Every structure is written in structure tokens, then in C-alpha cells.
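Structure at a glance
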Amino acid sequence: MAGHPDLRGRIRAFYDCVNHRSGMYDDSGHGTHVGGILAGDGRLSKGEYSGIAPGASLVIVKVLDARGEGSVEQILEGILWIRDNYERYGIRIANVSVGAKKGLEGTKEQELIEAVEMLWDLGITVVVSAGNRGPETGSIAVPGNSRKVITVGSLDEPGMKNGCSGVGPTDHCIVKPEVVAPGYHVASCNSRYFKTKIPYVRKSGTSMATPVVSGAAALFLSKYPEAQNVDVKLKFRKTCENKAEEAGLGWGCLRINGLLE
């Protein structure tokens, strides 16, 4: 995560699972972009490119390297750090904009699933990307194939021919993703702003759709602070709009206005 002006003053902590550096940085640009979608205040665009929950505070856990790649071990370390620090920082939502392909060696797939479910069982609303290996059947990334977490896919745009969002069902016949949201050509914070003076860049993928849903969850919990993660999930299910073009994609497309009613 880079210190982008749109996020200034709202990053409460930074933990690096890759290089274990103490200072905040983002050498791939992924985390800053995701953070901006979730909570950027849009000050450099006079609000045009503000995030979904611009009043939210962020706790950043870096698990991806300069190439945007991460290991299972790094992801697990990040999840365990959240477990150990969620009460200290008041973490209520874990946005997991990473995923691994199925068929991981040994017990790694099960370890990832158990790790995100552990966070869920602590009361944290866990929102996970569906992955970008779709649209073939059964292409949901790990740990988005967990039965407990909220898994997010990217909503296909009109005329799109090359959608890549992962789809279910899982090996246990669970419909996934539960929710789809905009995730293609999304403008958000540029980690290289201070070098390039270009404040925003566009990126695509379920990593971009996931913070849209996490931001919506933050708005819901802000309005209903006593709600639990199960309440959040049930409210998504009740208010998503399932059009014909989203058939087979769980509950359908996120509708924030309905979520906050």
C-alpha cells in the first residue's frame, strides 16, 4: 500500500508478509488500487473517483510481491496476523483480493480454507475474490471456495466476450460466487502517483470487484453497527439483483441502495 493522498490519515496499520519491512510501500500497485476502490475519498478527482466507503479506516496486510504474486505461506501469515490483531485495530471486514488455483500440493488448499473460516468464526466479515481463471465451470479460486465466506465475481460488461471471472459450483456443489460487482476497467488509486503525477489507473479482475463488496459491507456495518457477519451475508442475499445474464452466479449483482434500506 502506497501513501496515496486519497487514503491519507486512514491507514491504521501496515504489516508486510513478503519482505517484512516496517515502512509502508506498494511495489506492485495491487494493494493501493484495491484500497482506493474500498475506501479512497477521491480528493484528487474532486470526488469523481471516490471509493465505496470513503470514511472507512484501513489495516493493510501485504501478501503480494512486486510482480503481484504471493505464496500460500505469505497469505496464511497475513491471515494469522489479522487473527492476532483484529481486536486491537477493530477489524470487522477482511478483504481478500487474492486467490490460488485449485489442486495445490499437500494440504495447502485446506489450510487456506480453514484460515479464512477461522476469521469468519471470530465474527469478521470475510470477502474473497472468485479468481480470474473463469469462466469455465468449477473455476473458483482458493479460498473463495469456502462455504462460509462471501465470494465475489466480476460482473460482465455489455458486449464482453472475454470475461475471466471464476464461477462455481465448488467441489461440494456450493454455488459460487454469491455476489458479482463491477470489476473490469475500474479506475482507482495509482501507487506510483508521487513519481508519475498520474493519480488514478484502471485495472481489471475479481480483485477489483471484491473491495466494491467489502466497501458495501462497511457501509452496512456503519449504519447497523450491532450487525454480525451472518447478518451481512443474509442481507446481501436478500438484496442482490439476479438478472437473466447473471443466472448461475449465486445471488446476483450487488445493489447498495437495497443493502442500506
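Refer to the structure printed above.
What comes next concerns the included structure.

Reading guide: rules and limits
Residues numbered from 1 in each chain as written. Predicted model: local features only at pLDDT ≥ 70, side-chain atom pairs only at ≥ 80, totals over all residues. Heavy atoms only, no water. Buried < 20%, exposed > 50% of the residue type's maximum accessible area, 1.4 Å probe, protein only. Helix = DSSP H or I, 4+ residues; strand = E, 2+ residues; numbered from the N terminus. Pairing = 2+ DSSP bridges. Right-handed = clockwise from strand over helix to strand, strands pointing away. Axes fitted to C-alpha atoms, helices over the stretch in contact; angles between N-to-C directions. Parallel < 35°, antiparallel > 145°, perpendicular 65-115°, else oblique. Left-handed = near helix turned anticlockwise from the far one by under 90°. Contact = heavy atoms within 4.5 Å. Nonpolar A, V, L, I, M, F, W, Y, C, P; charged D, E, K, R; others polar. Arc of directions from axis to C-beta. Core = buried A, V, L, I, M, F, W, Y, C linked by side-chain atoms within 4.5 Å. Phe/Tyr/Trp six-rings, centres within 6.5 Å; stacked < 30°, edge-to-face > 60°. Lys NZ or Arg CZ within 6 Å of the ring centre and 35° of its normal.

**Notes on the pairing of strand β2 (residues 58-62)**
Burial along β2 is one-sided: the face carrying L58, I60 and K62 is buried and the face carrying V59 and V61 is not. Pairing of strand β1 (residues 11-16) with β2, which is carried by five bridges, proceeds in the parallel orientation. Of the residues in β2, the one forming a bridge with I11 is L58. Assessed by its sense of winding, the connection that carries the chain from β1 through helix α1 (residues 30-39) to β2 is left-handed.

**Concerning the packing of helix α2 (residues 72-89) against helix α3 (residues 108-121)**
Relative to each other, α2 and α3 sit at 20 degrees, their axes nearing to 10 Å. Between α2 and α3, the angle falls in the class roughly parallel. When you trace α2 past α3, the crossing you get is left-handed. The residues of α3 that touch α2, namely those facing V72, E73, I75, L76, I79, L80, I82 and R83, are K108, E111, L112, A115, V116, M118 and L119. The class makeup of the residues in the contact of α2 with α3 is eleven nonpolar, no polar and four charged.

**Looking at helix α6 (residues 229-239)**
Among the residues making up α6, those that are buried are N229, V232, K233, K235, F236 and T239. The arc that holds every buried residue of α6, seen down its axis, measures 160 degrees, which confines them to one face. In α6, the exposed positions that point more than 90 degrees away from the buried face belong to L234, R237 and K238.

**Here's the deal with the sheet that holds strand β3 (residues 93-96)**
Strand order in the open sheet formed by five strands is β3-β4-β5-β6-β9, and the pairing between neighbours is parallel. The outermost strands of the open sheet, each flanked by one partner alone, are β3 and β9 (252-253). Looking at chain direction, strand β6 (residues 179-181) and β9 are connected through two bridges and run parallel. Considered in β9, the bridge of V179 is made with G252.

**Things to note about unusual backbone geometry**
If a residue is not glycine, its phi is most likely negative; likewise, a peptide bond is most likely trans. A cis amide bond links G134 to the next residue, P135, at an omega of 5 degrees. Relative to the helices and strands, P135 is located in the loop between β4 (125-129) and β5 (150-154). G168 connects to P169 through a cis peptide bond whose omega is 0 degrees. Considering the arrangement of structural elements, one finds P169 in the loop between β5 and β6. At K46, a residue that is not glycine, the phi angle is positive and equals roughly 55 degrees. Position of K46 relative to the elements: it lies in the loop between α1 and β2.

**So, the packing of α1 against helix α5 (residues 206-223)**
Running from N to C, α1 and α5 point in directions that differ by 35 degrees, and their axes come no closer than 8 Å. The handedness of the crossing between α1 and α5 comes out as right-handed. Each of H30, H33, V34, I37 and L38 in α1 lies in contact with α5, whose residues at this interface are S207, M208, P211, V212, S214 and G215. Split into classes, the residues belonging to the contact of α1 with α5 amount to six nonpolar, five polar and no charged.

**Let's talk about the nonpolar core**
Ranked by internal contacts, the top residues of the largest apolar core, which has 51 residues, are V126, V179, V213 and F236. Beyond its immediate stretch of four places on either side in the chain, V213 contacts V127, I150, V152, V179, A181, F236 and L254. Formed by ten residues, the second largest nonpolar core is a distinct cluster that contains L7, Y25, A53 and A218.

**Examining the environment of G205**
Note on placement: G205 falls in the loop between β8 (200-203) and α5. Dropping the residues within four chain positions of it, G205 is found in contact with N132, S154, G183 and Y184.

**Structural notes on the packing of aromatic side chains**
Counted by the stated rule, this structure contains six aromatic pairs. Measuring from ring centre to ring centre gives 6.0 Å for F14 and Y25, while their planes differ by 65 degrees; the resulting arrangement is edge-to-face. Placement of the pair is F14 in strand β1 and Y25 in the loop between β1 and α1, with a sequence separation of eleven residues. For the pair F14 and Y25, one class covers both residues: buried. Here Y15 and W81 contribute two aromatic rings whose centre-to-centre distance is 5.2 Å and whose plane-to-plane angle is 10 degrees, an arrangement assigned as stacked. Of the two residues, Y15 is situated in strand β1 and W81 in helix α2; the sequence distance between them amounts to 66 residues. Its relative accessible area of 24% is what places Y15 among the partly exposed residues. Clustering of aromatic rings is evident, with ring pairs tying together Y15, W81 and Y89. Between K197 and the ring centre of Y193, over which it is positioned, the NZ or CZ distance is 5.6 Å. Above the face of the W120 ring, K233 is positioned so that its terminal group lies 5.5 Å from the ring centre.

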